[in-house]
Structure formats: C-alpha cells, structure tokens
Amino acid sequence: MFKRLAWPLLVLVALLGCSAEPDFELLDGSQHRLADYRGRWLIVNYWAEWCEPCRRELPELARFAREHAAAVTVLGVNFDGPPNDELRALVSRLAVPIPVLASAPVPQLPFTRPSGLPATWLVDPDGKVHGPLLGPQTEASLLGALRAVDPAF
C-alpha cells in the first residue's frame, strides 16, 4: 500500500521542483535560480562601460572565479541596463570575461541597485547577502571579505 502511494507523491514532488520559475537569466539565455547556488559563494558585481575602475576590475574578477571555481561563481550586472541586443554587443566589444545577467536582478536577488560603481555583493553558501563592497575588488580584497564571513575559506 505504501509503495502504491509513494510513487505518485514522488512524481508530484519532482514535477513541482521542475516547474519553479527562474530567478534570473544570463545574457547567454541560460536561466537560473538563486537556490542553484546554495552551498557555494555567489559574487555579483555591478559594472558599466563608462566606469574605468569597473572595466579594470573585470579581468581580476574573472581570474578570481577561475582560481576559486570549486567554491565561487562570479556574475556581472550592467548598471545601465541596456536592451539585451545592445548589452550583448557591449559585452562582446569590451570582451567582458564573466557571465552577465540579461537584466538587473532586483527583485529576484536580495540586494538593491548600487548608488556608486563598482559595487560587489557576496551571497554566502547559505544564501545570506553581504555587502556591498564598494570600489574595485582584487583577489586580496575578495579573499579578505570572504574570510571575514567564513574564516575557513
């Protein structure tokens, strides 16, 4: 009897889990949920073309993401929010080396649009938001910020 009831219940749970709406979409078209990043750090960086410190910081963020790929995902958000076609062209022209969100993540992600740039938020493995870190970040500053929250990092 239990087996007969358990199977439909498992199917229902699986279907409900698969039907959840994404929280955000990347410029490459892939869709994600904040819950997809539980158990790892998520670093979200706001940048703009006209922000020279932002442009200098992007390669550093990409290097950090590569060197800490087992524990960290780095995503970018364009502060100006141009339409996706314009944003794709901008990302291509500037050779932005990190994945970029298709649109600003508010209200999907739990932080607000910054008043200055560059601005970086840290979302810890449990989903708690830390930041913003204002100004250009380096590997040392990111490691310091992560270790301030999690000394084991």
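A quick note: this is a predicted structure, and the numbers were derived from the prediction, not measured. (Residues numbered from 1 in each chain as written. Predicted model: local features only at pLDDT ≥ 70, side-chain atom pairs only at ≥ 80, totals over all residues. Heavy atoms only, no water.)

Colleague: Before we go on, may I ask you to explain the confidence of the model for the protein chain in this structure?
Modeller: Atomic detail in the predicted coordinates should be set aside for any region of low pLDDT. Summarising the model, the protein chain shows a mean pLDDT of 87, and 86% of its residues fall at 70 or more. A low-confidence stretch, residues 1-17 (pLDDT under 50), is modelled with 0 contacts involving residues beyond four sequence positions or located in other chains. (pLDDT = per-residue confidence, 0-100. Contact = heavy atoms within 4.5 Å.)

Colleague: I keep staring at helix α4 (residues 139-149) and nothing clicks. Help me out?
Modeller: Side chains that are three or four residues apart share a direction in an α-helix, a result of its 3.6 residues per turn. All buried positions along α4 are accounted for by L142, L143, A145 and L146. The arc that holds the buried residues of α4, viewed along the axis, is 160°, so those residues lie on one side. The exposed set on the far side of α4, more than 90 degrees from its buried face, consists of A140 and A148. For α4, the elements touching its buried residues are β3 (41-47), α2 (52-67), β4 (72-78), β5 (119-123) and β6 (129-134). (Buried < 20%, exposed > 50% of the residue type's maximum accessible area, 1.4 Å probe, protein only. Helix = DSSP H or I, 4+ residues; strand = E, 2+ residues; numbered from the N terminus. Arc of directions from axis to C-beta.)

Colleague: Can you help me understand the packing of α2 against α4 in this one?
Modeller: When two helices pack together, you describe them by how their axes are tilted relative to each other and by the distance separating the axes. One way to put it is that α2 packs onto α4 with a least axis distance of 10 Å and a crossing angle of 55°. Between α2 and α4, the crossing angle belongs to the class labelled oblique. For the crossing formed where α2 meets α4, the hand is right-handed. For the pair α2 and α4, the contacting residues are E60, L61, F64 and E67 in the first and E139, L142, L143 and L146 in the second. Looking at the contact of α2 with α4, its residues break down into 5 nonpolar, no polar and 3 charged. (Axes fitted to C-alpha atoms, helices over the stretch in contact; angles between N-to-C directions. Parallel < 35°, antiparallel > 145°, perpendicular 65-115°, else oblique. Left-handed = near helix turned anticlockwise from the far one by under 90°. Nonpolar A, V, L, I, M, F, W, Y, C, P; charged D, E, K, R; others polar.)

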